[in-house]
Structure formats: structure tokens, C-alpha cells
Amino acid sequence: MIAGRFLDFCRQAAQRSGRCVLIIDEINRANLARVFGELMYLLEYRNESVTLAAGGEPFSIPSNVLLIGTMNTADRSIALVDHALRRRFAFIPLQPNYQALQAYHTRNSTGFPAAELVSILDDLNKLIDDSDYAVGISFFTRPALADEIEDIWRLEIEPYLEEYFFDSRAKLEDFRWENVAPRLKQASSGDE
């Protein structure tokens, strides 16, 4: 018998006293039958054990095991997450945290005009008007953002917006780099 990853993780966690956290990034893309197998039942019933089909030994999920699964709600494959899995997890929406973006630039003394960037992102996400498709802050938490933002904007943000506004491209004109750059430059020169 070859132990699956979750089974192996639980066995290792049983040997530890602290919390053991398994993070499954984009859980909706995982083959959950392969990840959990027959142990899916134990996600809900932690005080019980099951006899493993392969090997015949009893098994339970240790109480120190915590599971976190991330999902990108813009990815419509979340519809494939069945109700059996949904009832075993709490769902917590995470929206762009502009305060965290500003704190990052303040803490790291980047000199980047984060307040103006936040204003731009806020305007952009209001235009998008769908929290599942909001542009997040992870693109912009970089120590050398001033040197990299043009590439980030032109190569990541604009293509995303072109796809999102495919049938109404005029809406994104205010968010082309040529229109965003002056706002950031003006805010930057105002800070000096």
C-alpha cells in the first residue's frame, strides 16, 4: 500500500504536539477523491475512525490537523466543489486589503505612492463591480515596485482587463498604463 499525501500528512501530525496545517491551494482544482480518498468522512467526524480499504488498519484524523483550502472564485470550476465537501469547510471571502498594501509600503520604506495606487485600484474595482473579479494587491507588494509597476501593469493588469472587458473595451481606457502612470507620478512628486 502506498499512502496518499493526506494520509501521510496525518500520520506525521500524529507524532507532533502542535498544530499541523495542510494548505491545499486552489482546492477546487485538486482531485479531491485522490487527496482525501476514504478519509473524506473523517473531515466531518473527527472523533471516529475508518478502516482503510488498503491495508485494513483503522485510521482517524488527529485533532491537531487543520485544513485550509484556497479558491479563486473567478474560476468557475468552483461549481465542481460538491456539497459533501462544502459542508466540511467554512467559507471565508477575502477581498483586497488596501490597508495591508499601504502598510507594506510604509513598513518597507519603498517611497512608492501607495495611497494613490489604492485610489486607482478602488476606482478600478468599482468599475469591475464584481468582487469575484476584483484586482488584488499581491501584484503590488514588492520592494522595488517603482521600478516594476509599468511591466506589472502592462503585462498582467491590462491583459486581465482586456479579457474582462472584452465586449466593452472603452471602459478600461482610464486604466491603461498611459493614464495610470501620470496619476502615480503626480502623487510621487507631491510626496517629495
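Residues numbered from 1 in each chain as written. Predicted model: local features only at pLDDT ≥ 70, side-chain atom pairs only at ≥ 80, totals over all residues. Heavy atoms only, no water.

### Here's the deal with the pattern of salt bridges
Argument step 1. In this structure the tally under the stated criterion is 10 salt bridges.
Argument step 2. Lys-126 serves as the salt-bridge partner of Asp-122, at 3.2 Å between the closest nitrogen and oxygen. Taken as a pair, Asp-122 and Lys-126 lie in helix α6 (residues 114-128) at a separation of 4 residues, close to a single helical turn.
Argument step 3. According to the relative accessible area criterion, Asp-122 is partly exposed, its value standing at 28%.
Argument step 4. Lys-126 sits in the exposed class, given a relative accessible area of 57%. (Salt bridge = Lys/Arg side-chain N within 4 Å of Asp/Glu carboxyl O. Helix = DSSP H or I, 4+ residues; strand = E, 2+ residues; numbered from the N terminus. Buried < 20%, exposed > 50% of the residue type's maximum accessible area, 1.4 Å probe, protein only.)

### Here's the deal with the side chain of Glu-158
Argument step 1. Structurally, the position occupied by Glu-158 is in helix α7 (residues 145-164).
Argument step 2. Overall, Glu-158 belongs to the buried group, its relative accessible area being 8%.
Argument step 3. Reaching out from Glu-158, the side chain makes a polar contact with the backbone nitrogen of Trp-177 at a distance of 2.5 Å.
Argument step 4. Filtering out sequence-adjacent residues up to four positions away, Glu-158 remains in contact with Trp-153, Phe-175, Arg-176 and Trp-177. (Polar contact = N/O pair within 3.5 Å; in protein donor to acceptor, adjacent residues only side chain to side chain. Contact = heavy atoms within 4.5 Å.)

### Some thoughts on α7
Argument step 1. For α7, spanning 20 residues, the distance from its first C-alpha to its last is only 24 Å, which falls clearly below the expected 28 Å at 1.5 Å a residue.
Argument step 2. At Ile-152, α7 shows its strongest bend, of approximately 40 degrees.
Argument step 3. Along α7, the residues classified as buried are Leu-145, Ile-149, Ile-152, Trp-153, Ile-157, Glu-158 and Leu-161. (Expected span 1.5 Å × (residues − 1). Bend = angle between axes of the 7 residues up to and from the residue.)

### Side note on α6
Argument step 1. In this model, α6 (15 residues) spans 21 Å end to end at C-alpha, consistent with the 21 Å of a helix rising 1.5 Å per residue.
Argument step 2. Residues Ala-114, Leu-117, Val-118, Ile-120, Leu-121, Leu-124, Asn-125 and Ile-128 constitute the buried set of α6. What you see down the axis of α6 is that its buried residues fit within an arc of 160 degrees, all on one side.
Argument step 3. Immediately beyond the C-terminal end of α6, within one or two residues, lies Asp-129, with a positive phi of roughly 55 degrees. (Arc of directions from axis to C-beta.)

### Some points on the side chain of Asn-125
Argument step 1. Secondary-structure assignment places Asn-125 in helix α6.
Argument step 2. Looking at Asn-125, the relative accessible area reads 12%, which means it is buried.
Argument step 3. Setting aside residues up to four positions removed in sequence, Asn-125 forms contacts with Pro-96, Tyr-98, Ala-134 and Val-135.

None of the figures reported here should be taken as evidence of function without further support.
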